[in-house]
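Listed here are the chains, written in short residue letters.
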Amino acid sequence: MRVIAGRARSLKLKTPEGTATRPTTDRIKETLFNMIQGEIPGCIFVDLFAGSGGIGIEALSRGAAHAYFVENGKEAISCILDNLSFTKFSDNATLLKQDVFSALSMISEKEADIIFIDPPYQAGYEEKVFMMLAKQPYVTENTLLILEAQLHMDMNFLSESGFTVVKEKKYKTNKHVFVRKEDLDESSNLSR
């Protein structure tokens, strides 16, 4: 796994061994960031279930002002620390070494611009994460939330939490679902 573009371009990142994490492939990561590149410079980026930190580091490399990494796996935390040091992004990062559900209230930003959510498949965390995100003051109508999910996952729970799908990008085995808080005054789109 490597950084695709930006200041840390081509640097190889460490990934935890075993199957506890599922790093996003370089090809999918490149597609994702090509879609959101216009929103990255100067943004506050949150990487939930961060694994090796590859997504948040990609955002920092492409110009994000600050990235939060939320991870509670011991080996993954070690990888994130090593990767941040290696890419020289430690000063622009906050690592919350705890589970996502307790970490969400620890993020002290007026507004998060992009939140990337990549929970373990089959764990059933998605609905609870979005229910909790709906209550966070830093999640506004301007916040873009991106869920990496299994290809055929049902997204009906999003509207129950006050969110709406604005775009979906499907790959062979999974998809990225782009979500915003429902804005009752206007219809939402990806590029506000």
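For clarity, every value in this text was computed on a predicted model and none was experimentally measured.

### Brief notes about the overall build of the protein
Thinking step 1. For the protein, the count of helices and strands is 6 helices and 7 strands.
Thinking step 2. For the protein, the N- to C-terminal ordering of α and β elements is α-β-α-β-α-β-α-β-α-β-α-β-β.
Thinking step 3. Taking 192 residues into account, the globule formula puts the C-alpha radius of gyration at 16 Å, and the protein, at 15 Å, falls close to it.
Thinking step 4. The principal-axis extents of the C-alpha atoms in the protein amount to approximately 45 × 35 × 35 Å.

### What to know about the pairing of strand β6 (residues 163-170)
Looking along a regular strand, one sees side chains alternate from face to face of the sheet.
Thinking step 1. Pairing analysis gives 7 bridges linking β6 to strand β7 (residues 174-181), with the strands arranged antiparallel. When the bridges of β7 are listed, T164 appears paired with R180.
Thinking step 2. Taking the residues that link successive antiparallel strands as the turn, the β6-β7 hairpin has 3 residues.

### What to know about the sheet that holds strand β5 (residues 144-150)
Thinking step 1. An order of β3-β2-β1-β4-β5-β7-β6 is seen for the 7 strands of this open sheet, with the pairing classed as mixed. Either end of the sheet is taken by a strand with one partner, and the two such strands are β3 (93-96) and β6. The sheet shows a mean angle of 20° between the axes of neighbouring strands, direction not considered.
Thinking step 2. Sheet topology note: the strand β4 (residues 114-117)/β5 ladder contains 4 bridges and is parallel. Counterpart to F116 in the pairing with β5 is I146.
Thinking step 3. Seen against the sheet, helix α2 (residues 54-61) touches β1 (44-48), β2 (66-70), β3 and β4 and runs at an angle of roughly 175° to β2.

Rules used throughout
- Residues numbered from 1 in each chain as written.
- Predicted model: local features only at pLDDT ≥ 70, side-chain atom pairs only at ≥ 80, totals over all residues.
- Heavy atoms only, no water.
- Helix = DSSP H or I, 4+ residues; strand = E, 2+ residues; numbered from the N terminus.
- Rg over C-alpha atoms; globule rule 2.2 N^0.38 Å.
- Pairing = 2+ DSSP bridges.
- Axes fitted to C-alpha atoms, helices over the stretch in contact; angles between N-to-C directions.
- Contact = heavy atoms within 4.5 Å.

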